[in-house]
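Close look at the chain arrangement
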Amino acid sequence: MPQDATPNLVDPFTLKDEDGYFWVKGNLHSHTTNSDGKPSPQERLDGYVNQGYDFLCLSDHYTITRIDTVTAPEDFVLIQGAELHPHNPFGGQVHHFVALNIHEDMDSAKMPPQHVIDEVNRQGGCIWLAHPHWSSVNILRDTLPLHGLAGIEVFNTTCRCMGRGESGVHWDDWMSLEDRLYPALAHDDSHALEATRRDTYQGWTMARVKERSAQAIVQALASGASYGSSGPQIRDIQLRRIDQDGDKQPMVEATVGSSQAQRIAAICDSYGGEYHEHGKTFEQATFTLRAGARWVRFEVVGADGAKAWSNPYDLRHLKRD
Ligand SMILES: [Zn+2]
Ligand SMILES: [Zn+2]
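Here goes a summary of the coordinates provided. Chains are numbered independently. Their residues run from 1 in the order of the written sequence. Think of it this way: whatever chain is written first is A, whatever ligand is written first is 1, and the rest follow in order. This being a predicted model, a pLDDT of at least 70 is required before a residue's local features are given, and a value of 80 or more before pairs of side-chain atoms are given or counted; all residues contribute to the totals for chains, interfaces and linings. For the side-chain quantities, the full set of heavy atoms in the structure was used; hydrogens and water were omitted.

1. Let's talk about the overall build of the protein
Note the threshold: Each helix corresponds to a stretch of at least 4 residues labelled H or I by DSSP, and each strand to a stretch of at least 2 residues labelled E; elements are numbered beginning at the N terminus. Three exposure classes are used, based on accessible area relative to the maximum for each residue type with a 1.4 Å probe and protein chains only: buried under 20%, partly exposed in between, and exposed over 50%. We call two residues in contact whenever any of their non-hydrogen atoms come within 4.5 Å of each other. To be clear on the numbers: accessible area is Shrake-Rupley with a 1.4 Å probe, and residue cover counts the displayed protein chains and nothing else. Charged residues are defined narrowly, with Lys and Arg counted positive, Asp and Glu counted negative, and His plus the chain ends left uncounted. Charge coordinates come from a single atom per side chain, which is NZ of Lys, CZ of Arg, CG of Asp or CD of Glu.
Scanning the protein for helices and strands turns up six helices and 17 strands. With the C-alpha coordinates aligned to their principal axes, the bounding extent of the protein is approximately 60 × 40 × 40 Å. The buried share of the protein, taken over its 321 residues, is 55%. Long-range contacts, defined here as pairs at least 24 residues apart, represent 63% of the contacts in the protein between residues at least 6 apart. With the model as given, the accessible surface of the protein reaches about 13,800 Å², and the carbon-plus-sulfur share is 48%. When the 29 positive and 44 negative side-chain charges of the protein are each reduced to one mean point, those points stand 5 Å apart.

Structure representation (structure tokens):
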């Protein structure tokens, strides 16, 4: 495995307010009557607008729901996309990919998965591996042969309703097999009417941007300037080398600021660690990561058990103060 891979993700917490950056909240996986969703596209959009979201993708199965067929408030960003399902020649179930910022439909059911990925990228869009836990994806078998995916959906509300909402292990597996860091998204994948309270407004992604546009948001997500959540807020992550001359392995101390948390998991390329305060909640945690870890990502568990997922950090390039 290459030891000198350069960090490929942007840390959102280094993008400062004074430089014009701000957070926007969105859901990029939702369905409407244009596929198997219950509400119309306009009803789906109105729901997320009323809940205070900043951006949304109506990602119907196989087909682009055109953003010019609905009416959004001026400062709300609609990202045009679709959930695409190429067949899977590698043995697993049919693929589920969320494609963002695309403008031409394609017959994904008849296309090999690599052609679908290439076509989305050709259109200037980006394409994400959706809910691999729910789809019984085996990364080695089904995902590793493919190139050009932007990242992974780590949380999916509607899949949680079926017991398989989280795909953190798939994420770690993928990064370890490819020795590459991928960003993640959290989504509702809403199908039901909001009145059922089944799969709406429970999984979202926060993106760090300088402007409210589809281009800026998609670029932030693909570069890792984001985090996903089903509840908690992540406010800051600081990493600091603390090893001394003569120490055999680099040592890194992490400080994570968040809304009230009961636990923070630090998930490394192998092993990991956990911070907690014996039943008390906290808003800041400082703790040491496993010596010699190559990368780390954080999961913050709120007082009510809801989670937030940071993107991964490459630790191999962290310099000593
Ligand atoms: Zn799906
Ligand atoms: Zn879906």
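Once you've had a look at it, read on.
2. Remarks on the packing of aromatic side chains
What counts is decided by this rule: Pairs were defined over the aromatic rings of Phe, Tyr and Trp, the Trp ring being its six-membered one, requiring ring centres within 6.5 Å. Orientation was assigned from the angle between planes: stacked under 30 degrees, edge-to-face over 60, tilted for the rest. Two limits define a charge over a ring: the Lys NZ or Arg CZ must be within 6 Å of the ring centre, and within 35 degrees of the ring normal.
According to the stated counting rule, one finds eleven aromatic pairs in the structure shown. When the ring of Tyr48 is compared with that of Tyr53, the centres are 4.8 Å apart and the planes differ by 90°; the resulting orientation is edge-to-face. Taking the relative accessible area as the measure of exposure, Tyr48 reaches 0% and is therefore buried. For the pair Trp174 and Tyr182, a centre-to-centre distance of 3.8 Å together with 15° between the ring planes defines the contact as stacked. Judged by its relative accessible area of 1%, Trp174 falls in the buried class. Through a chain of ring-to-ring contacts, three or more aromatic side chains come together here, namely Tyr275, Phe282, Phe287 and Phe298. When the ring centre of Tyr53 is taken as reference, the NZ or CZ atom of Lys25 above it lies at 4.6 Å. Taking the ring centre of Trp204 as reference, the NZ or CZ of Lys25 above it sits at 4.1 Å.

3. Thoughts on the pattern of salt bridges
Spelled out, the test is: Salt bridges are identified by distance alone: a Lys or Arg side-chain nitrogen within 4 Å of an Asp or Glu carboxyl oxygen.
Applying the stated criterion across every chain yields a total of 21 salt bridges. Lys307 is the partner of Glu166 in a salt bridge, and the nearest nitrogen-oxygen pair spans 2.8 Å. Within this pair, whereas Glu166 is found in the loop between α4 (157-160) and α5 (168-178), its partner Lys307 is found in strand β16 (residues 307-310), the two being separated by 141 residues in sequence. Residue Lys307 is classed as buried on the basis of its relative accessible area, which comes to 16%. Two residues, Arg316 and Asp179, come together in a salt bridge whose shortest N-O distance is 3.5 Å. Taken together, the positions of Arg316 in the segment after β17 (313-314) and Asp179 in the loop between α5 and β8 (184-187) put the pair 137 residues apart, joining distant regions of the chain.

4. As for the sheet that holds strand β6 (residues 126-129)
Threshold: Any two strands with at least two DSSP-identified bridges between them are counted as paired. Fitted lines through C-alpha atoms give the axes, limited to the stretch in contact for helices. The angle between two N-to-C directions lies from 0 to 180 degrees.
The five strands are arranged β4-β5-β6-β7-β8 in an open sheet whose pairing can be described as mixed. For this open sheet the edge positions go to β4 (81-84) and β8, each flanked by a neighbour on one side alone. Strand-to-strand twist in this sheet, taken as the mean axis angle between neighbours without regard to direction, amounts to 30°. Bridge analysis of β6 against strand β7 (residues 151-156) gives two bridges, and the strand direction is parallel.

5. Some remarks on the coordination of the zinc ion (ligand 1)
What counts, and what does not: Coordination partners: N, O, S within 2.8 Å of the metal, 3.2 Å for Na, K and Ca; water not considered, so apparent gaps in a site are possible.
Every protein donor of the zinc ion (ligand 1) is accounted for by Glu83 (OE), His96 (ND1) and His131 (NE2), and the metal-donor separations fall at 2.0 to 2.2 Å. Of note, the donors binding the zinc ion (ligand 1) are all from one chain and are spaced E-x12-H-x34-H. Separating the zinc ion (ligand 1) from the zinc ion (ligand 2) is a distance of 3.5 Å, and Glu83 supplies a donor atom to each of them. Remark: His131 occurs in the loop between β6 and α3 (139-143) and Glu83 occurs in strand β4; sequence separation between them is 48 residues. When sorted by exposure, Glu83 lands in the same class as His131, which is buried.

6. Brief notes about the coordination of the zinc ion (ligand 2)
Protein-derived ligands of the zinc ion (ligand 2) are His29 (NE2), His31 (NE2), Glu83 (OE) and Asp189 (OD), with the metal-ligand distances lying across 2.1 to 2.2 Å. Taken in sequence order, the residues that donate to the zinc ion (ligand 2) follow the motif H-x1-H-x51-E-x105-D.

7. Re the pairing of strand β9 (residues 204-209)
Most of β9 sits inside the fold, with six of its six residues counted as buried. Of the two faces of β9, both are covered, the one formed by Trp204, Met206 and Arg208 as well as the one formed by Thr205, Ala207 and Val209. Where strand β1 (residues 22-27) and β9 come together, five bridges link them in antiparallel fashion. Paired with Gly26 across the bridge in β9 is Thr205. Bridge count between β9 and strand β10 (residues 226-229): four bridges; the pairing is antiparallel. When the bridges of β10 are listed, Trp204 appears paired with Ser229.

What is shown is where atoms sit, not what they do.
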